[in-house]
Amino acid sequence: MAEPPAPLSGQDVGSFAYLTIKDRIPQILTKVIDTLHRHKNEFFEKHGEEGMEAEKKAISLLSRLRNELQTDKPIVPLVEKFADTDVWNQYLDYQQSLVKEGDGRPSWFHSPWLFVECYMYRRIHEAIIQSPPIDDFDVFKESKDQNFFESQQSIIALCTHLQQLVRTADDLEENQLKNELSKLLQISLWGNRCDLSISGGESSSQKSDLLNSLEDLKPFILVNDLDQLWSLLSKYKKAGGDPSVLRVDIVLDNSGFELVTDLVLADFLLSSKLATEIHFHGKAIPWFVSDTTIHDFNWLIEQMKSSNHRWMSKCGADWQKYINTGRWAYHDHMFWTLPHAYCAMPQVAPDLHAELQKAHLILFKGDLNYRKLTGDRRWEFTVPFHQALSGFHPAPLCSIRTLKAEVQVGLQPGQAEQLSAAEPRWLTSGQYGVLQFHALL
Ligand code: F6P
Ligand code: MG
């Protein structure tokens with residue numbers, strides 16, 4: 001087999017990876033420092049002088065991190081003992097082993113982009129856990145919550161739509177069911193535009209009514225494997241309870257509006273009997289600004305339950321019931337916040353790989369998941385998706401992602417050239433999306 005292409009890297013001056021490391025990541029770090037500053041009084045009220053000292057310590061660690069990055073210093077090992085510290089440091093050693101003799105240690109701009117970007121978020125976490133008693137402070141919580149509140153109108157529209165649908169789900173003809181599934185998949189896709197790391201942590205909520213925009217947005221879906229997804233799910237439904245468990249796993253991405261779109265989709269899969277169990281996978285630590293942790297997941301369901309809006313609170317109550325009865329399960333695993341491509345999962349996290357093998361379908365939400373599925377490499381645009389997965393296929397899987405990084409596979413010959421001519425930023429603007437499926441070979 002031919003060697004896979006090189007990973008994207010900040011070495012390529014002017015590339016999106018380069019600009020991210022040069023501009024967007026320092027901007028995010030500055031925001032994190034500012035957030036800690038603004039919570040100073042809260043830390044004092046909660047922990048007294050110790051809280052103030054902790055805030056100072058975290059800020060000084062983060063300022064050092066920003067300086068290392070901006071002056072392209074070597075990547076240093078993690079020091080604080082945590083569940084994944086050894087795995088991270090082994091990965092650092094591996095990166096070191098790839099550096100040619102005489103080139104020194106891997107540095108921020110001279111390493112794979114996926115690795116350094118993940119490392120940056122892991123170092124933010126290290127600065128926080130090194131600063132007790134504020135070591136459980138989520139520096140991104142405020143902006144995640146704000147995204148939820150600012151998307152209220154869209155959330156209400158979505159919940160109202162779902163509740164109408166659920167009431168008629170049993171009477172829907174096959175083509176209607178397919179059509180409804182298609183709509184909710186597209187909503188979950190466009191929900192992925194709302195991540196906070198692409199906007200440098202600035203507000204990026206959903207203000208327009210997505211349901212009414214779906215037709216206009218269709219030309220922006222570059223790969224749409226809905227038919228294959230549908231034939232997989234409807235095949236099981238037609239088999240009428242054999243197997244008795246039909247499991248769909250959703251590897252979550254961002255909290256706030258995107259998470260609502262994913263939960264609405266998950267609710268519909270159960271209500272329409274296209275699935276009997278949904279397993280969600282979230283992040284164990286705050287990650288890429290807006291990614292979902294268990295705290296965000298629980299917080300959002302609480303918010304929904306206590307909403308004054310009838311259909312929003314009904315959704316919240318139903319979702320709580322699904323959790324209580326085990327039809328929805330939430331998992332986290334440290335692998336999701338490691339820098340590895342997913343093809344390394346069987347070696348690095350065999351337990352997680354075995355868990356995913358139990359699924360009949362896995363939905364991977366968002367851009368970062370796509371980068372990890374494809375190894376964040378400079379693949380030709382026409383390379384088939386399964387080739388870029390490099391052997392990763394625990395179960396049939398589908399990536400639902402808006403494009404925010406310079407990696408894309410599975411396009412038709414000439415498609416990328418046409419897009420480049422029409423819109424030079426098509427790979428990173430978040431305006432385009434894919435619903436890209438791969439069944440087991
Ligand atoms: O900052 C880089 C990046 O990985 C982009 O590719 C993307 O904008 C973002 O972070 C994460 O996006 P998502 O939330 O869709 O995974
Ligand atoms: Mg994200």
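See the structure printed just above.
Residues numbered from 1 in each chain as written. Chains lettered and ligands numbered in written order. Predicted model: local features only at pLDDT ≥ 70, side-chain atom pairs only at ≥ 80, totals over all residues. Heavy atoms only, no water.

Remarks on helix H12 (residues 294-305)
Point 1. The end-to-end C-alpha distance of H12 is 17 Å, a good match for the 16 Å that 12 residues give at a rise of 1.5 Å each.
Point 2. Taken together, the buried positions of H12 are Asp296, Phe297, Trp299, Leu300, Ile301 and Met304.
Point 3. Where H12 is buried, its residues contact helix H6 (141-150), helix H7 (152-168), helix H11 (257-271), strand E3 (277-282), helix H13 (310-324) and strand E4 (328-332). (Helix = DSSP H or I, 4+ residues; strand = E, 2+ residues; numbered from the N terminus. Expected span 1.5 Å × (residues − 1). Buried < 20%, exposed > 50% of the residue type's maximum accessible area, 1.4 Å probe, protein only. Contact = heavy atoms within 4.5 Å.)

Let's talk about the site of ligand 1
Point 1. Among the 16 residues in the neighbourhood of ligand 1, the closest are listed as Glu117, Asp367, Leu368, Arg371 and Lys404.
Point 2. Asn192 is positioned with one of its side-chain polar atoms (N or O) 3.0 Å from an oxygen atom of ligand 1.
Point 3. Contact distances for ligand 1 include 2.7 Å between an oxygen atom and a side-chain N or O atom of Lys404.
Point 4. Relative to its unbound accessible area of 390 Å², ligand 1 is 99% covered by the protein chains.
Point 5. At the level of elements, helix H5 (113-129) and helix H16 (367-373) are the ones that each hand at least two residues to the shell around ligand 1.
Point 6. If you tally residues by element for the shell around ligand 1, the top one is H16, at 3 residues.
Point 7. Among the residues making up the shell around ligand 1, the classes are represented as 5 nonpolar, 4 polar and 7 charged.
Point 8. Of the residues that make up the shell around ligand 1, three or more belong to each of domain 1 (16-129) and domain 2 (141-438). (Near = heavy atom within 4 Å. Polar contact = N/O pair within 3.5 Å; in protein donor to acceptor, adjacent residues only side chain to side chain. Areas by Shrake-Rupley, 256 points an atom, 1.4 Å probe, with all protein chains shown as cover. Nonpolar A, V, L, I, M, F, W, Y, C, P; charged D, E, K, R; others polar. Domains from an automatic or database assignment.)

Here we look at the coordination of the magnesium ion (ligand 2)
Point 1. Summarising the metal site, the magnesium ion (ligand 2) is bound by the protein donors Asp253 (OD), Asn254 (OD1) and Asp291 (OD), whose distances to it range over 2.1 to 2.2 Å.
Point 2. All donors of the magnesium ion (ligand 2) belong to a single chain; written as a sequence motif, their spacing is D-N-x36-D. In this pair, Asn254 is assigned in the loop between strand E2 (247-251) and H11 and Asp291 in the loop between E3 and H12, connecting sequence segments 37 residues apart. (Donors = N, O, S within 2.8 Å, 3.2 Å for Na, K, Ca; no water.)

Some remarks on empty space enclosed by the protein
Point 1. Using the criterion set out here, one finds 5 cavities of 30 Å³ or more in the structure.
Point 2. Estimates place the volume of the second largest cavity at around 50 Å³.
Point 3. Looking at side-chain class alone, the lining of the second largest cavity contains 7 nonpolar, 1 polar and no charged residues. (1 Å grid on protein atoms, 1.4 Å probe; cavity = no way out; pocket = protein on both sides within 12 Å on 5 of 7 lines; lining within 4 Å. Points joined across faces, edges and corners; volume = space filled by probe spheres on them.)

Just geometry here; none of it tells us what the structure is for.
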